[in-house]
Amino acid sequence: MRFTKMEGCGNDYIYINGFAETVEHPEMLAVAMSERHFGIGADGLVLILPSEVADFRMRMFNMDGSEGEMCGNAVRCIGKYVYERGMTQKDCVTLETAGGIKVLRLHIQNGSVIAVTADMGEPILEAEKIPVLSQKTPVIGVPLQILDKSFAFTCVSMGNPHAVTFIDNVQEFDVQKYGSVAEFAPMFPKKANIEFAQVIDRTHLYMRVWERGSGETLACGTGASATLVAAVLNNLCERKVRIQLKGGTLEIEWREADNHVYMTGPARFSFDGVWLR
């Protein structure tokens, strides 16, 4: 089975062209391929598939085999993949995901996709739709005790659930210790992606993420989008910012005109290979 390894700001996935390959048990394959010692090594597996309602369809699986609704870095990589591999000639591509149809605008230079702007859609702020168990909606600054610390979480869905908290020193923070527990907190019935963010100034944030089903990753596009929304709701920043992640920087804008969040960032090929197992 042929595959392609790609990454967006260090958030790396294994991509399989579902037009040419058949994957019978993607959840099992995701676990085997993602293992970084005995497999290829990745944050998960992404299938690029035909769609009846969009140009293409994406299914993504975390490294533990669980299926996720959306991945912002993956949608950018798919935009680059389908254009540069000759699957489309469009510079604006629609992509069906479990979190809704996303529109990808490809920034093309000399035949290469140098960046992708993804319309991430409207943020979901209703507690029951995120979902999060809370009497407060929107869920802004809700306290949650995790081990020995109390955090104030603002919850947002960008097609998948996110809980964002703002702290003073993200770089020195123990994301694994607290993120691994927060993911499974009872208030998140479908678990949650946990973002720990720091405000540098009103147009610049720093964020680290504990991804549901994968652990800490170098970047998360939906997480960056949710972080901007949470920061705006808490009056901590403007509606257009740069968000610095461990693996790179994304530009995120929450436009008042249509209430959509737009994410712009890179996508890169790592290598192609053949899975022989």
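Going by the structure above, here's the rest.
Rules and cut-offs
Along every chain, residues carry numbers that run from 1 in the direction the sequence is written. In view of the model being predicted, local features appear only for residues whose pLDDT reaches at least 70, and side-chain atom pairs are presented and counted only at 80 or more, with totals across whole chains, interfaces and linings using the full set of residues. With hydrogens and water stripped out, all remaining heavy atoms of the structure feed into the side-chain values. Secondary structure elements are defined from DSSP: runs of H or I of at least 4 residues count as helices, runs of E of at least 2 residues count as strands, and each element is numbered from the N terminus. C-alpha atoms define the radius of gyration in this analysis, and the globule rule sets the expected value at 2.2 Å times the number of residues to the power 0.38. Think of it in three bands: residues with accessible area under 20% of the maximum for their type are buried, residues over 50% are exposed, and the middle band is partly exposed, with areas taken using a 1.4 Å probe on protein chains only. Computed with the Shrake-Rupley method and a 1.4 Å probe, the accessible areas treat only the protein chains shown as cover for residues. By the convention used here, residues are in contact when the closest approach between their heavy atoms is within 4.5 Å. A pairing counts as a salt bridge when a side-chain nitrogen of Lys or Arg comes within 4 Å of a carboxyl oxygen of Asp or Glu. Two aromatic rings from Phe, Tyr or Trp, using only the six-membered ring of Trp, form a pair when their centres are within 6.5 Å; if the ring planes differ by under 30 degrees the pair is stacked, by over 60 it is edge-to-face, and anything between is tilted. Nonpolar cores are built from buried Ala, Val, Leu, Ile, Met, Phe, Trp, Tyr and Cys residues. Side-chain atoms within 4.5 Å join them into one set. Here a polar contact is taken to be a pair of N or O atoms separated by no more than 3.5 Å, where protein atoms must pair a possible hydrogen donor with a possible acceptor and residues adjacent in sequence count only if both atoms sit in side chains.

Caption draft 1: Local environment of the overall build of the protein chain. From N to C terminus, the protein chain includes four helices and 18 strands. Taking 19 Å as the expected radius of gyration for a compact globule of 277 residues, we find that the protein chain reaches 18 Å, a close match to that expectation. Projected onto the principal axes, the alpha-carbon positions of the protein chain cover approximately 50 × 40 × 35 Å. In the protein chain, which comprises 277 residues, the proportion classed as buried is 55%. For the protein chain, the accessible area works out to roughly 11900 Å², and carbon and sulfur atoms hold 48% of it.

Caption draft 2: Main features of the environment of Ile124. If you trace the backbone, Ile124 turns up in the loop between β8 (112–119) and β9 (142–146). With relative accessibility at 27%, the residue Ile124 sits in the partly exposed group. Taking the C-alpha atoms as reference, Ile124 lies 4.9 Å from Ser157; in sequence the two are 33 residues apart. Those residues in contact with Ile124, other than ones at most four positions away along the chain, are Lys129, Ile130, Val156 and Ser157.

Caption draft 3: Inspection of the environment of Met87 at higher detail. Mapped onto the elements, Met87 comes out in the loop between α2 (72–84) and β6 (92–97). On the basis of relative accessibility, which here comes to 25%, the residue Met87 falls in the partly exposed class. Residues Met87 and Phe56, 31 residues apart in the sequence, show an inter-C-alpha distance of 9.7 Å. If we skip the residues at most four places from it in the chain, Met87 touches Asn17, Phe19, Ile48, Phe56, Tyr81 and Val82.

Caption draft 4: Representation of the pattern of salt bridges. One pass over the structure, following the stated rule, counts 14 salt bridges. Residue Lys90 is joined to Asp55 by a salt bridge in which the shortest nitrogen-to-oxygen separation is 2.8 Å. Linking Lys90 in the loop between α2 and β6 with Asp55 in the loop between β3 (44–49) and β4 (56–62), this pair joins segments that are 35 residues apart in sequence. The exposure class of Lys90 is partly exposed, given its relative accessible area of 42%. The closest approach of N and O atoms between Glu216 and Lys246, which form a salt bridge, is 3.7 Å. Here Lys246 lies in the loop between β15 (240–245) and β16 (248–254) and Glu216 lies in strand β14 (residues 215–217), a separation of 30 residues in the sequence. Its relative accessible area of 44% is what places Lys246 among the partly exposed residues.

Caption draft 5: Region of interest: the packing of aromatic side chains. Counted under the stated rule, the structure contains nine aromatic pairs. The interplanar angle of 90° and the centroid separation of 6.0 Å between the aromatic rings of Phe151 and Phe173 together place this pair among those described as edge-to-face. Taken together, the residues Phe151 in strand β10 (residues 149–157) and Phe173 in the loop between β11 (161–166) and α3 (175–182) connect sequence positions 22 residues apart. Across this residue pair, the class does not change: Phe151 and Phe173 are buried. Summarising the aromatic geometry, the rings of Phe151 and Phe196 are spaced 6.0 Å apart at their centres and angled 65° between planes, so their arrangement reads as edge-to-face. Within this pair, whereas Phe151 is found in strand β10, its partner Phe196 is found in strand β12 (residues 193–201), the two being separated by 45 residues in sequence. With respect to burial, Phe151 and Phe196 carry one shared label: buried.

Caption draft 6: Local environment of the environment of Tyr13. Take Tyr13: it is sitting in strand β2 (residues 11–17). Judged by relative accessible area, which is 0%, Tyr13 ranks as buried. Sequence separation of Tyr13 and Asn73 is 60 residues, and the distance between their C-alpha atoms is 9.1 Å.

Caption draft 7: Expanded view of the nonpolar core. Core analysis: the biggest nonpolar cluster contains 53 residues, and Tyr15, Met58 and Ile243 have the highest contact counts within it. With residues near it in sequence (within four places) discarded, Ile243 still touches Leu205, Met207, Ala224, Thr227, Leu228, Gly248, Thr249, Leu250 and Ile252. With 25 residues, the next largest nonpolar core counts Ala127, Val139, Phe153 and Ala185 among its residues.

Caption draft 8: Fine view of the side chain of Asn62. Take Asn62: it is sitting in strand β4. A distance of 3.3 Å separates a polar atom in the side chain of Asn62 from the backbone oxygen of Arg212. Other than its neighbours up to four places away in sequence, Asn62 contacts Ala30, Asp43, Gly44, Gly68, Arg212, Gly213 and Ser214.

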